[in-house]
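# Geometric and topological summary
Here is how the chains run, residue by residue.
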Amino acid sequence: MRRPRIRTILALSTGLLAGSLTVGGAAAQEPAVQLPGSAAAPAAAGFVLKLDPQLGEARADVEEGRPVYGMGDRLSGRSGRDTTLEGNAEVRKAGTVIRADRLTYYEADDELMAVGSVRVTRQGNVFTGPQLQLKLSANEGWFASPSYYLPQYGGRGRAERIDFLGPDLTRLHRASYTTCEPDDPDWILLSETLTIDEASGNGTGRSASLYFKGVKVLAAPVFAFPLSDERRSGFLVPSLSINSRSGGEVTVPYYWNIAPNHDFTLYPRVTARRGVQVGGEFRYLEPTFFGGVRFDLNPHDPKTHSSRYLYDLNNTFTDWAGWGGSWLVRGVSDDDYFVDYSRSIVSSSERVLPRTFHASRPVGRDWTVLFSIQKWQSILDARPGPYERVPQLQLRQVLRDLGGFDVDTTIDATQFAAPVAGQPEGWRLVAHPQLSYPIVRPGWSIVPRVSLHATSYQLTEAATLPESSTRVLPTWSVDSGLVFERPTRFFGRELTQTLEPRLFYVRTLFRDQSEHPVFDTTVADFNFAQLFSDNTFVGNDRIADVDQLTAAALSRLIDPATGAERFRFAVGQRVYFSRQRVTIPGVAPRTDERSDILLAAAGEVGGGMSFDTGLQYSVRDGDVPRFSALWRYRPDDGRILNLGLRYRRDELGQFDTSFRWPVAARWVMLGRLNYSFLNEGIDPISRIPNERGVIEAVLGFEYRSCCWGTNFVVQRFRTAQGQSTTAFFVQFELKGVARIGSDPFGILRRNIPGYRLPNDRPELPSRYFGYE
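These numbers come from a predicted model, not from an experiment.

Our next topic: a nonpolar patch on the surface. On the surface, Phe235, Leu240, Val250, Val252, Tyr254, Trp256 and Ile258 cluster together into a nonpolar patch covering about 640 Å² of accessible area. Here Val250 shows up in strand E22 (residues 247–251). The exposure class of Val250 is partly exposed, given its relative accessible area of 39%.

Relative to the helices and strands, Ser469 resides in strand E36 (residues 468–482). Polar side-chain contacts of Ser469 include one of 3.0 Å to the side chain of His516. Every residue in contact with Ser469, bar those within four places of it in the chain, is listed here: Thr455, Ser456, Tyr457, Glu515 and His516.

As a further point, take the pairing of E36. Alignment of strand E35 (residues 444–461) against E36, held across 15 bridges, turns out to be antiparallel. What sits directly across from Val450, in E36, is Trp476. Summarising the sheet, E36 and strand E38 (residues 493–508) pair through seven bridges and their orientation is antiparallel. Residue pairing in the sheet places Asp479 in a bridge with Phe504 of E38.

Another point: the state of the cysteines. According to the stated counting rule, one finds one disulfide in the structure shown. The side chain of Cys180 participates in a disulfide bridge whose partner is Cys707; the two sulfur atoms lie 1.8 Å from each other. Linking Cys180 and Cys707, the disulfide has an S-S dihedral of approximately 75° and is accordingly described as right-handed. One end of the pair, Cys180, is in the loop between strand E16 (169–177) and strand E17 (187–197); the other, Cys707, is in the loop between strand E49 (693–704) and strand E50 (708–720), with 527 residues separating them in the sequence. The cysteine Cys706 is free of any disulfide, with Cys707 supplying the nearest cysteine sulfur at 3.8 Å.

Take the packing of aromatic side chains next. Taken as a whole and judged by the stated rule, the model has 31 aromatic pairs. Both rings, one in Phe235 and one in Tyr254, keep their centres 4.9 Å apart while their planes meet at 70°; by these two values the pair is edge-to-face. Linking Phe235 in strand E20 (residues 234–235) with Tyr254 in strand E23 (residues 254–259), this pair joins segments that are 19 residues apart in sequence. Both rings, one in Phe317 and one in Trp327, keep their centres 6.3 Å apart while their planes meet at 40°; by these two values the pair is tilted. On the criterion of sequence distance, the pair formed by Phe317 in strand E27 (residues 306–320) and Trp327 in strand E28 (residues 323–332) is long-range, its members being ten residues apart. Connected via pairs of aromatic rings, a cluster forms that spans Phe282, Tyr284, Phe289, Phe317, Trp320, Trp327, Phe357 and Phe371. Here the basic side chain of Arg274 rests over the ring of Tyr341, its NZ or CZ set 5.6 Å away from the ring centre.

What counts and what doesn't
- Residues numbered from 1 in each chain as written.
- Predicted model: local features only at pLDDT ≥ 70, side-chain atom pairs only at ≥ 80, totals over all residues.
- Heavy atoms only, no water.
- Patch = residues over 30% accessible without salt bridge, like charges linked within 9 Å, V, L, I, M, F, W, Y side chains within 5 Å.
- Areas by Shrake-Rupley, 256 points an atom, 1.4 Å probe, with all protein chains shown as cover.
- Salt bridge = Lys/Arg side-chain N within 4 Å of Asp/Glu carboxyl O.
- Helix = DSSP H or I, 4+ residues; strand = E, 2+ residues; numbered from the N terminus.
- Buried < 20%, exposed > 50% of the residue type's maximum accessible area, 1.4 Å probe, protein only.
- Polar contact = N/O pair within 3.5 Å; in protein donor to acceptor, adjacent residues only side chain to side chain.
- Contact = heavy atoms within 4.5 Å.
- Pairing = 2+ DSSP bridges.
- Disulfide = S-S within 2.5 Å.
- Phe/Tyr/Trp six-rings, centres within 6.5 Å; stacked < 30°, edge-to-face > 60°.
- Lys NZ or Arg CZ within 6 Å of the ring centre and 35° of its normal.

As structure tokens, then:
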């Protein structure tokens, strides 16, 4: 008769494997067997095992404590002394599984001995070796010649011996670690000793060496590392970079974990051409406010023989006596700071630095009060800069469905300070109530609206304007639309097509406004959103005299299963019934009876391809004053190709392409070229005068193996008219360990839409991760 496989359940009363063992036959085929001495064991501390040979399993009644499960081909033992499982032996307890050819538990010493093909699995981590000796409750013992695999991090290694020194302390002797494949790792970290202290969350090591391709590239007599993602004080990985303005640059950051909600990072930096610099960032997080302070300081720039600095203070607060808001204060030492020290075109294009504060809170029924101050530091070609608001006080009330009506009331009082002497400045008071009656039904809507715009000026510096002036202007409008739907097929797909025509009429009477100053007003950009605006100006200093009708239509293709929009096409035009008479000084009035025609189309073609286009067609001139087109190719395999063209007559003309494309096994080329083909006007994004040539160019290469990677990136960008900066970035990465060098990923993400960081860590495990 075949011997039944034995399954044991061991009950722990004090966290130990303890008690007596009784084997009894429940069936007639095999008599009951009782090990000597078992009857003398106290029932409360032991376990009773009953074997049913027909079922081939054992069951135990757990009296108290957390159970331990055992399994093996053969079971033997001496009551009160030892218990042995042999042949595919296995013990399980609370997420830990120990397997071996033979498992023996010594009750007196609370010690487990595992011999032959030992395999320990805990929380997904796997340890294997020839022999393990462990005191269970004290977690003291040793593991001979173990190998280990940590799947959550993709790491593996070997050790000469592992000593378990307590519940939270483990020491590895002559240990190795790598995330490469085990046969021939490209890199490996060797350490004479490695101590893991889970109580403090720290790891320390001695006599460590890093080998890459068999060559020692780094050695450290002593090192330390965290065991978790918790923040802790210490030096961060140094960064190295080169650019044409500063030369070679080395930064060694130090992180100070002041408190759980406060930290500070110090950035000492040495550059070949700009000398020694220091930067820092202090961050704080409190229950009702958060923010930070950042600075960069060069006490002596060898190029300019002066001190150079930047500062940035920001804070956001909520519920300060009912108030919520923020402040932002930024400044630099001189006009050329961003030209010399910027590391991207984003910072090099900054021309107006804010120094602002605003706070708001609810007051009374549906009213909100806003208090703000706006000041600026203008540099380079942005001078003299915009008007400052010192201060602004605003009240606003929004009431919805008040007997079917919507009411929106804004009252604003602002004192404007001129950026240079001799310009008008003073107070402006605006009251702007609006009343509308929306009628929205399935398939159609109509919204009549009437508003009143009342403005009063009290100037302290009038220049050639009167010190006091007022203006009251009524406006009425009607906005209407229809929505039609029908099923259709598009490239073989079943979709729902919509047709959504819209008409918008607005009328505002003429008032002579030539004696009013212009503090914050400019001509609105002509686009689809502005087609349905009451005013062709942005700001409160000019209210356009309009008598016009906007006609537009939108058609969409929608996936009925998901609701996702697959394609859209829009067209719109405005018809003017009167000439424009209200203008801004220096801007010619409109003379056309019809506006330009706006067209836009966007959609998904399939296969990872999509497009987005917009066009403005001049009926009078028969040409295209504005055009934009973007084509994207982003299949699931990680390839990226973006092609774009932007043109705005006399202002902008750029070709923009970016890509990420495999060029060889494990090699990927990345790049971007933003090229201007205009030689006149001002770039509306960088605010730098247009010059024919490269605005920004990026070229890089990525190498990715199973366990390491490297990035080479060169970037060139325009910092001012006739000036550019070139920067080089090199980064070496050991997956799961560290990145060494300068970080190019921020540049790549900004320049290549769709680019994602390489995933060097596995996804978070599921609840069944590591289960055996």
